[in-house]
Amino acid sequence: MTAFPSSVRRTVTHSGTRIYTLEVDAYRSLPVNVFVILRGPVSQPTYQALVDTGSERPACFQQILGGLDHLHSTYGEQVGLEALDRIILTHEHPDHVGGLPLLQRHTGAPLAAHPLAAESLRDPLGAQQRSLSVQQEVYRWVGLPEDMAAAWLATQKRPVIPAGVTVATELFPQELLDGFIQVIHVPGHAAGQVALGIGEVLLTADHLLPGNLPPLWPERLRPFLGLSHYLHSLREVEQRPGIRQVLPSHGLPIDRPDQRIEAVRQKVISKLERMIEQVGTAPGRTIFEIAQVLYPDQPAPRARLLLSQTAALVEYLAERNVLTEARGKQGAATWTLGEQTAELGV
């Protein structure tokens, strides 16, 4: 039985490039958009690319296949995995690259990814072991209780893909991939994340989303993570001229990216102000204790994301001397207000 994506959307650029958004179920509560880029005649495309591969779940893979069938039956597109010219990976998270092993049984299309993502994809087991080691240190730094840290680490022992893959093309900022796709490095959420400019349309991966901030982690977990990189990347996106529409990897298209970027900035400022208020009200707490006050009684997956976001916000304020770090029990950092007055014009 054919499985179809939750939705299929068609975008055509001024130059005639067709971009199809297939919303598939990466996990039960996490839909993700994968994209099909087509150029040339519908009956005989001259270029076919898939952007991201969904998760490792067979049901997700079946939805991608169903989406390609839908493009053929509804739009007449002669597209298929066996005919792909390229698979482009926006970043190295499992809901975006986990489907690679299944897809590569059906296509020999070369992979393209940013060098920092390629590093993880070529040696996923090594990347996972390094990540777990650093996560232990970060959990100690934020003051996470040892039993919670052990439980959380136990759920993260699988590499992003089971074995290394060959990344044929490394994506560097401002390059034109295949002569027409502009590459923009947008770290913060993921070290090796890229946005892809196709004429007046920008595929922003998880960087600019329609409803929420993306999950953020402190840079001490890995270089090119953290709020500073995220905000710098927002400016990179904002400064790209001629963007008419943003296609994110989660959720609906964004037709006014300038307004969305400003809304994101205001949300970040609000979160930073709240963090300063919390530290000023009760100095000497750990990041874990601050997160517990701000976000009490959260289920474990959401608690992890909120703790990481809190750590990223505190790290950003500490870089600007708005907060001052001291060492507490068992190596955990505690926080007080610093000497610098907060300037939150992010």
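Structure: above.
Here's a quick rundown of the structure. (Residues numbered from 1 in each chain as written. Predicted model: local features only at pLDDT ≥ 70, side-chain atom pairs only at ≥ 80, totals over all residues. Heavy atoms only, no water.)

1. A word on the overall build of the chain
Moving on, step 1. For the chain, the helix and strand inventory stands at ten helices and 14 strands.
Moving on, step 2. In terms of overall dimensions, the chain has C-alpha extents of about 65 × 40 × 35 Å along its principal axes.
Moving on, step 3. With the model as given, the accessible surface of the chain reaches about 15100 Å², and the carbon-plus-sulfur share is 51%.
Moving on, step 4. For the chain, the distance from the average site of its 30 positive side-chain charges to the average site of its 35 negative ones is 3 Å. (Helix = DSSP H or I, 4+ residues; strand = E, 2+ residues; numbered from the N terminus. Areas by Shrake-Rupley, 256 points an atom, 1.4 Å probe, with all protein chains shown as cover. Lys, Arg positive; Asp, Glu negative; His and termini not counted. Charge placed at Lys NZ, Arg CZ, Asp CG, Glu CD.)

2. What to know about the sheet that holds strand S3 (residues 30-39)
Moving on, step 1. Reading across the sheet, the seven strands line up as S1-S2-S3-S4-S5-S6-S7 and stay open at both edges, with mixed pairing between neighbours. Edge positions in the sheet fall to strand S1 (7-12) and strand S7 (169-170), since each of these pairs with one other strand and no more.
Moving on, step 2. Across the sheet, helix H1 (residues 58-75) lies against S1, strand S2 (18-27) and S3, angled at about 150 degrees from S2, the strand it touches most.
Moving on, step 3. In the packing of helix H4 (residues 115-122) onto the sheet, the strands contacted are strand S6 (111-113) and S7, and the crossing angle to S6 comes to about 125 degrees. (Pairing = 2+ DSSP bridges. Contact = heavy atoms within 4.5 Å. Axes fitted to C-alpha atoms, helices over the stretch in contact; angles between N-to-C directions.)

3. Let's talk about the sheet that holds strand S8 (residues 176-177)
Moving on, step 1. Spatial ordering of the open sheet is given by S8-S9-S10-S11-S12, a layout of five strands whose pairing is mixed. Looking at which strands have only one partner, the edges of the open sheet turn out to be S8 and strand S12 (245-248).
Moving on, step 2. Inspection of the sheet shows strand S11 (residues 201-205) paired to S12 by four bridges, in the parallel sense. Each residue of the ladder has a partner; that of Leu-202, found in S12, is Val-246.

4. Quick look at unusual backbone geometry
Moving on, step 1. The phi dihedral of Asp-178 falls on the positive side, at around 55 degrees, and the residue is not glycine.
Moving on, step 2. Considering the arrangement of structural elements, one finds Asp-178 in the loop between S8 and strand S9 (181-185).
Moving on, step 3. Judged by relative accessible area, Asp-178 falls into the partly exposed class, the value being 34%.
Moving on, step 4. Despite not being glycine, Asp-297 has its phi angle at roughly 55 degrees, a positive value. (Buried < 20%, exposed > 50% of the residue type's maximum accessible area, 1.4 Å probe, protein only.)

5. Details of the pattern of salt bridges
Moving on, step 1. Scanning the model with the defined rule gives eleven salt bridges in all.
Moving on, step 2. Taking the shortest distance from any N to any O, the salt bridge between Glu-319 and Arg-320 comes out at 3.1 Å.
Moving on, step 3. Given the relative accessible area of 33%, Arg-320 is considered partly exposed.
Moving on, step 4. A cluster of three or more residues bridged by salt bridges with shared partners is formed by Glu-92, Glu-119 and Arg-222. (Salt bridge = Lys/Arg side-chain N within 4 Å of Asp/Glu carboxyl O.)

6. Regarding the nonpolar core
Moving on, step 1. Leu-227, Leu-272 and Leu-317 are the most contacted members of the largest nonpolar core, which has 56 residues in total.
Moving on, step 2. At the level of secondary structure, the elements contributing two or more residues to this core comprise helix H5 (124-142), helix H6 (146-154), helix H7 (227-238), helix H8 (257-281), helix H9 (287-294), helix H10 (300-319) and strand S14 (333-337).
Moving on, step 3. The dominant element in this core, judged by the number of residues it contributes, is H10, at nine residues.
Moving on, step 4. Apart from residues lying up to four places away in sequence, Leu-272 is in contact with Leu-227, Leu-313, Tyr-316, Leu-317, Leu-344 and Val-346.
Moving on, step 5. In this structure, Cys-60, Leu-102, Ala-117 and Ala-118 belong to the second largest nonpolar core, which totals 32 residues. (Core = buried A, V, L, I, M, F, W, Y, C linked by side-chain atoms within 4.5 Å.)

7. Some points on the packing of H4 against H5
Moving on, step 1. For the pair H4 and H5, interaxial distance at closest approach is 5 Å and the crossing angle is 105 degrees. One finds that H4 runs roughly perpendicular with respect to H5. In this structure, H4 contributes Glu-119, Ser-120, Leu-121 and Arg-122 to the contact, and H5 contributes Pro-124, Ala-127 and Arg-130.
Moving on, step 2. Within the contact of H4 with H5, the residues separate by chemical class into three nonpolar, one polar and three charged. (Parallel < 35°, antiparallel > 145°, perpendicular 65-115°, else oblique. Nonpolar A, V, L, I, M, F, W, Y, C, P; charged D, E, K, R; others polar.)

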